[in-house]
Amino acid sequence: MNQFFIDIALPVPVDRTFTYIVSPELQPLVIPGKRALVPFGKKHLTGVIVGLPATTNNRGLKPVTDILDAKPTFSPEMLLLTKWISEYYFTPWGEVLKAATPQGLSQESKMIVRLILQDIKAVLQATKNSAPQRHAIIHALAGGKSLTFTQIKQKLHAKSIHAVLNEMQQRGWISITEEIGKAKAKPKIERFASLTALGLKAVMDRTSVSSFPSKQLSILEELKNETSSEINAVEINSFLKRHHGSLSSVKTLVKKGLVNISKHEVFRRSEYDPIEPPPKIALNANQQHALNEIINATTAGSFKAFLLHGITGSGKTQVYIEAIRNVIANGKTAIVLVPEISLTPQTVRRFKAHFGNNVAVMHSQMSIGERYDAWRMAHQGKVKIIIGARSAIFAPLENIGLIVIDEEHDSSYKQYDAAPRYNARDVALVRASQIKSVVVLGSATPSAESYANTINEKYMLLELPHRVDTARLPTIDIIDMAEERRRIYEELKKEIEISAKPFPRRLPDSSISYLLKTQIAGRLERKEGIILLQNRRGFSHVMECYECGYVEKCGNCEVSLTFHSTKKHLRCHYCGFVKKPPPVCPKCRSTELRMHVFGTQQVQQELQELFPKAVILRMDRDTTSSKGAHNKILKQFESGEADILLGTQMVAKGLDFPRVTLVGVISADTQMLLPDFRASEGTFQLLTQVAGRAGRSNLAGEVVIQTLQPAHYSLKHVLLHDFRGFYQEELEYRRELNYPPFSRIVLVEFSGEKENEVQHHAKKFTDFLTDHNKQNRFIILGPADAAIPKIRNVYRKHIVVKDLKNSDPSGLFLRSALLKAKAQYEASSLVIHKKIRMIIDVDPQGMM
Ligand code: ADP
Ligand code: ZN
Ligand code: ZN
C-alpha cells in the first residue's frame, strides 16, 4: 500500500513545515485545517495539517500520534489567510496558526523526571561534596516527587541540566518519561434534569406518588413548573439551589424512572447588565448615503473597502449597526473590531441590544473558557457577529459579509510585542479581499495611510461631517506655556518689588496655566465634568527649550533627537546621526533646555493643592492594571461622584459623557516630540479625539491645549477642525522624506546583553542586506541605537529599511532580499547561542 503523508505546520521558530506518516486507522480522519498531535524532537506538539503531499524525499519520517479535531479548526480560507500573514510578517506558519487558535487549546508534552533510586541516603551522602548538582537534583526529587525539566532548572538556578539528567538516567537513578498535558480550554458540560413521560403522568394524577417524601414530590412539581414543550430540561445545580432540593432525591427519582438526567455542552457567555431594547433611530442623510453605499457593496459580493470618516458623535456606530443588520438578514456574518480600550460594556451592550445572542465578544480580559466558547460559537455558526479586539480578526466565522474596523488609526491594532507582528486592520483587508467581502474602516481621525488610499481610490471615502445631535464642536484655545512663564516672571518681579523679598533661585513651575485654572474653577462651581489629558509616554529623552520651545531634530529624518545620558550626546535613532547637546538654546540663548515632563501623578498633586475640594480620578496604566478598574473609574466619573478625570491617552478614546464641558491638555508636546515620524499625526489624532470629549450635549464645550510649540502645524489644524488641511500638509512631508505611505518600512531589531555583540550582529546583517541592494531599490538606515537604547539591561539596535514604492511597488524585491540576508545571517551565526535576538517588524507602528 502507498504511504500516506501529511505536512504539519508546528509552532516552532523554524520557517518550514514538517512531513509525517499517517497510520491507516487515522487516514479517514485527515482533513487540512485539523490539528494533529505529533512527536517533535523529544516531545509532542500540536500542529495543523496544511498539506497532503503525494510523495516526499524526506526519510525516517515519524507517524502522527493523533488527529485532534472532528471539524477542522481552520477552514481553507483561514489557512490561506494565515499563510499570507506568515509570509508578509516573516513569521513561521505554525506560529501564526497558534496565534489564531484559542488560547489553552494546544496540547504539549513535558518531560517528567522521577527518582527510581533504591538507596537514596547512600547516594545523597556520596554525592554531597563530589557532585553538588546531582546531589541537589536527588534532594529535590526525594519523597516521590515528579518534576519537569524546567522546574528542576529553576530549583537549581542552572542554565543547562540535560547532560546531568541523561547521565543520572543511565546510572538508573532517575526515570525520564514524556507526558502529554491536557488542553486547558475545554467545553463546559452541565447536567440537566427533565421529567420522563412516566414522571409527567405521575405529577398529573398524583395518586401514584402521594406516598412519596415531600422533598421528592416538590422536585417533581417544580420540574413540571419549570419545563415546557420548548424548554424540556433544567440545569440541575441551579435548579436545586432555587428549591433547596438535594441531589440524592433527584437520583432516587431517576431510579424510579420518573426523572431523566442528561449531559449537555453549554456556552459560557460573559454577563452584561440587563439590556433595554434599542431606541428607534432614523438615520440622517449622510448616514443613509454611507449605509446605501455599504449595502450596495455587500450585496454585490465582491471585495470593496470604505473609509468612513466621521467626527466624534457623528453616528458612525449607528451606520455599522444598520449595515450589519442588512448583512445578517442576507444570511451572512460580520466581524467588528474595536481597540481593546473601547471594548467597554457600553459598546458591547449597544450591539447586544440590537443583535441579542447573535453577538459574541472576544477580548483579553475574558477567562480562557469564555474565550474558547466565544470562538466555538463562531466556529459552529451559533453566533453571526463577533465583536472584539485585535485577535478577533481570526474569528472562525464563515460567509463573512462585512468587517468593521472602528478607530482604524488606533495603534493597538498592531501587535508589536510577539510574533506574528500583524496589523489587524491590514489583515482584515487581506481577509476580505481573499473572500470577496467588504471592509469599513471608521475613524474621526483616519491614519495618513488610509486617507492616502482614498485619494488614490483604493478605498471609497464616506463622510459624516456633522454631529447627530445639536451639539456644536467645542471652541479651542491654545496656550503658549513659554508666554505663560514670562507672565509669571513679571508678576513675581512685581510682587518682590512690593514685598522686598529675595528673588527665588528657581522660578515656581506650574503645569497648569492661568486660563486652564480659571476654566476648571468655573466648571467645579457649576458641577460640570472636566477631562484632563497628560500623555507622559516616552518623550522624557527629548530636550526642549523651556523659554522658546526649540527642539533639536535630525536633518536627515526630521525626527526629534534623543539624549543619551551615558554618552552625553544627542542622537537620531533612525540613521545614527550624533551631535553634542548645545549648552544654550541655539534660538533664544536660554539655558533652560529641559527634558523634564510632569507625570499624571504630579499633575494630580498640583491640582489637588489648587482645588482642595475637587474629587479627582486618575486613569493611567498604574490605576487600571487590575481587572475592572478601568470601568470602575469611568462609572464613578459618569455618575458625577468625581469632578475631574485626569489621565493618559486612555481618557481620549471613545468616552461619551454629556456632562463634560471642559477638556484640558496639560502638554501637547509629549506626543508631538516623540522621536517618531508619526509624531505629528499622533498629536493631531490625540488632540482631535480628546477635544471630541467636550460638549457632547447641549452644553457648550471648551478645550484648552497647553504647549511650548504653539505654531506647530498639527495644532493649527486641530484648532480649525481641519482634517483635510492637516493630511495635505502631513502627506507632503511624508513624500519628501520617503515615509509611509510613500514607502514601506521594515524595522529590524537586534538585542542582547552585550552591547558590542549586539552591534556586531546588527552590522553583519546590515552588510548582508546591503549586498542584495546593489541598485539601491530600498534605503537602509543604521544600525543605530533604538530610541530607548537599553531596556532592563538589554541593548537594542535598530536597522530601518525604507522600501520605495516607486522602485519596488509590490515590495517583493525587498522581501526576497530580507529573506536572503536572514538566511545568510542565520547560517553564519550558528554559534550565537541564543544570546542575540533578532526581530523583523513589518510596517511598525512605533519606532521607539
Ligand atoms: P460615533 O460612533 O460616530 O461616535 P454614534 O453612532 O455613537 O457616533 O452616535 C452618537 C449618539 O447619537 C449615539 O447615542 C447614537 O445613538 C445617536 N445617534 C446616532 N445616529 C443618530 C440619528 N440619526 N439620530 C439621532 N441620534 C442618533
Ligand atoms: Zn530657546
Ligand atoms: Zn536621522
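Residues numbered from 1 in each chain as written. Chains lettered and ligands numbered in written order. Predicted model: local features only at pLDDT ≥ 70, side-chain atom pairs only at ≥ 80, totals over all residues. Heavy atoms only, no water.

Undergrad: Give me the lowdown on the overall build of the chain, citing residues and values where you can.
TA: When you go through the chain residue by residue, the secondary structure sums to 26 helices and 33 strands. A principal-axis box enclosing the C-alpha atoms of the chain has dimensions of 100 × 75 × 65 Å. For the chain, the residues scored as buried account for 53% of the 848 residues in total. By sequence separation, contacts in the chain at least 24 residues apart represent 75% of the contacts at least 6 residues apart. Carbon together with sulfur atoms contributes 52% to the accessible area of the chain, which is approximately 40300 Å² in total. Averaging the positions of the 114 positive and the 85 negative side-chain charges in the chain gives two centres separated by 7 Å. (Helix = DSSP H or I, 4+ residues; strand = E, 2+ residues; numbered from the N terminus. Buried < 20%, exposed > 50% of the residue type's maximum accessible area, 1.4 Å probe, protein only. Contact = heavy atoms within 4.5 Å. Areas by Shrake-Rupley, 256 points an atom, 1.4 Å probe, with all protein chains shown as cover. Lys, Arg positive; Asp, Glu negative; His and termini not counted. Charge placed at Lys NZ, Arg CZ, Asp CG, Glu CD.)

Undergrad: Explain the site of ligand 1 to me, using residue names and the numbers behind them.
TA: Neighbouring ligand 1 are 14 residues, the closest being A282, Q287, K316, T317 and R350. In the environment of ligand 1, an oxygen atom lies 3.0 Å from a nitrogen or oxygen atom belonging to the backbone of G315. At 2.9 Å, a backbone N or O of K316 approaches an oxygen atom of ligand 1. Notes on ligand 1: free accessible area 550 Å², of which the protein chains cover 72%. With 3 residues, the top contributor of residues to the shell around ligand 1 is helix 12 (residues 316-329). (Near = heavy atom within 4 Å. Polar contact = N/O pair within 3.5 Å; in protein donor to acceptor, adjacent residues only side chain to side chain.)

Undergrad: Could you give an account of the pattern of salt bridges, naming the residues involved and the relevant values?
TA: Within the structure shown, the criterion is met by 33 salt bridges. With a closest N to O distance of 3.4 Å, E749 and R796 form a salt bridge. Taken as a pair, E749 in strand 30 (residues 743-752) and R796 in strand 32 (residues 794-804) lie far apart in primary sequence, 47 residues in all. Owing to a relative accessible area of 15%, E749 belongs among the buried residues under this scheme. (Salt bridge = Lys/Arg side-chain N within 4 Å of Asp/Glu carboxyl O.)

Undergrad: Report on the coordination of the zinc ion (ligand 2), specifying residues and quantitative values.
TA: On the protein side, the zinc ion (ligand 2) has C545 (SG), C548 (SG), C585 (SG) and C588 (SG) as donor atoms, found 2.2 to 2.3 Å from it. For the zinc ion (ligand 2), the 4 donor atoms in the first shell make angles of 105 to 113° at the metal, so the coordination geometry reads as tetrahedral. In the primary structure, the donors to the zinc ion (ligand 2) are separated according to the pattern C-x2-C-x36-C-x2-C. Taken together, the positions of C545 in strand 21 (residues 544-545) and C588 in the loop between strand 24 (578-579) and strand 25 (593-594) put the pair 43 residues apart, joining distant regions of the chain. Looking at C588, the relative accessible area reads 32%, which means it is partly exposed. (Donors = N, O, S within 2.8 Å, 3.2 Å for Na, K, Ca; no water. Tetrahedral: all angles 85-135°; square planar, octahedral: opposite > 155°, others 65-115°.)

Undergrad: Outline the packing of aromatic side chains, listing residues and values.
TA: In total, this model carries 20 aromatic pairs according to the counting rule given. Residues F684 and Y727 carry aromatic rings whose centres are separated by 6.0 Å and whose planes lie at 80° to one another, so their mutual orientation is edge-to-face. Of this pair, F684 sits in helix 22 (residues 679-691) while Y727 is found in helix 24 (residues 723-736), placing the two residues 43 residues apart along the sequence. Here F684 matches Y727 in class, with each residue buried. (Phe/Tyr/Trp six-rings, centres within 6.5 Å; stacked < 30°, edge-to-face > 60°.)

Undergrad: Can you tell me about the coordination of the zinc ion (ligand 3), naming the residues and giving the values?
TA: Tetrahedral coordination by four donors puts the ideal angle at the metal at 109.5 degrees, and octahedral coordination by six puts it at 90 or 180 degrees. At this site the zinc ion (ligand 3) is bound by C554 (SG), C557 (SG), C572 (SG) and C575 (SG), with donor distances of 2.3 Å. Here the zinc ion (ligand 3) binds 4 donor atoms, and the angle range of 107 to 114° at the metal identifies the geometry as tetrahedral. We note that the donor set of the zinc ion (ligand 3) lies within a single chain, spaced as C-x2-C-x14-C-x2-C. You can see C557 sitting in the loop between strand 21 and strand 22 (562-564) and its partner C572 sitting in the loop between strand 23 (569-571) and strand 24, a full 15 residues away along the chain. The exposure class of C557 is buried, given its relative accessible area of 2%.

Undergrad: Talk me through the sheet that holds strand 2 (residues 18-21); I want residue IDs and the actual numbers.
TA: The strand order across the open sheet built from 5 strands is 2-1-4-3-5, with neighbouring strands paired in antiparallel fashion. Strands with a single pairing partner mark the edges of an open sheet, and in this sheet they are strand 2 and strand 5 (66-67). Note: strand 1 (residues 5-9) against strand 2, 4 bridges, orientation antiparallel. The residue bridging I6 from the neighbouring strand is Y20, located in strand 2. (Pairing = 2+ DSSP bridges.)

Undergrad: Go over the nonpolar core, please, and point to the residues and values.
TA: Core analysis: the largest hydrophobic core is formed by 70 residues, its most contacted members being I386, I393, I403, F750 and F765. No other element matches the 7 residues that helix 15 (residues 424-435) contributes to this core. Setting aside anything within four residues of it in sequence, one finds I393 in contact with I335, L337, I403, Y422, A424, V427, A428 and R431. In this structure, A452, V559, L737 and L747 belong to the second largest nonpolar core, which totals 56 residues. (Core = buried A, V, L, I, M, F, W, Y, C linked by side-chain atoms within 4.5 Å.)

Undergrad: Tell me about the sheet that holds strand 33 (residues 837-842), and please be specific about residues and values.
TA: Overall, antiparallel pairing links the 4 strands, which are arranged 31-32-30-33 in an open sheet. With one partner strand each, in any of the chains shown, strand 31 (778-791) and strand 33 form the two edges of the open sheet. The sheet shows a mean angle of 20° between the axes of neighbouring strands, direction not considered. Bridge analysis of strand 30 against strand 33 gives 6 bridges, and the strand direction is antiparallel. Note that in strand 33 the partner of F750 across the bridge is M838. (Axes fitted to C-alpha atoms, helices over the stretch in contact; angles between N-to-C directions.)

Undergrad: Describe the side chain of D669, naming the residues involved and giving the relevant values.
TA: The residue D669 is located in helix 21 (residues 669-672) in this model. On the basis of relative accessible area, D669 is assigned to the buried category, the value being 1%.

Undergrad: Account for unusual backbone geometry, naming residues and giving values.
TA: With omega at -10°, the peptide bond leading from A419 into P420 counts as cis. Within the secondary structure, P420 sits in the loop between strand 16 (400-406) and helix 15. That bond from G782 to P783 is cis: its omega, 5°, falls within 30 degrees of zero. For N399, which is not glycine, the phi dihedral falls at a positive 60°. On the secondary structure map, N399 appears in the loop between strand 15 (385-388) and strand 16. We note that E407 has phi near 50°; this positive angle belongs to a residue other than glycine.

Undergrad: So what about the pairing of strand 27 (residues 644-647)? Which residues, and what values?
TA: Burial of strand 27 is two-sided: the residues I644 and L646 facing one way and the residues L645 and G647 facing the other way are all buried. Note: strand 20 (residues 529-533) against strand 27, 4 bridges, orientation parallel. By the bridge assignment, L533 is partnered in strand 27 with G647. Strand direction decides the pairing type here: strand 26 (residues 616-619) and strand 27, joined by 4 bridges, are parallel. The partner of L617 across the bridge, within strand 27, is L645. For the segment spanning strand 26, helix 20 (residues 629-638) and strand 27, crossover handedness is right-handed. (Right-handed = clockwise from strand over helix to strand, strands pointing away.)

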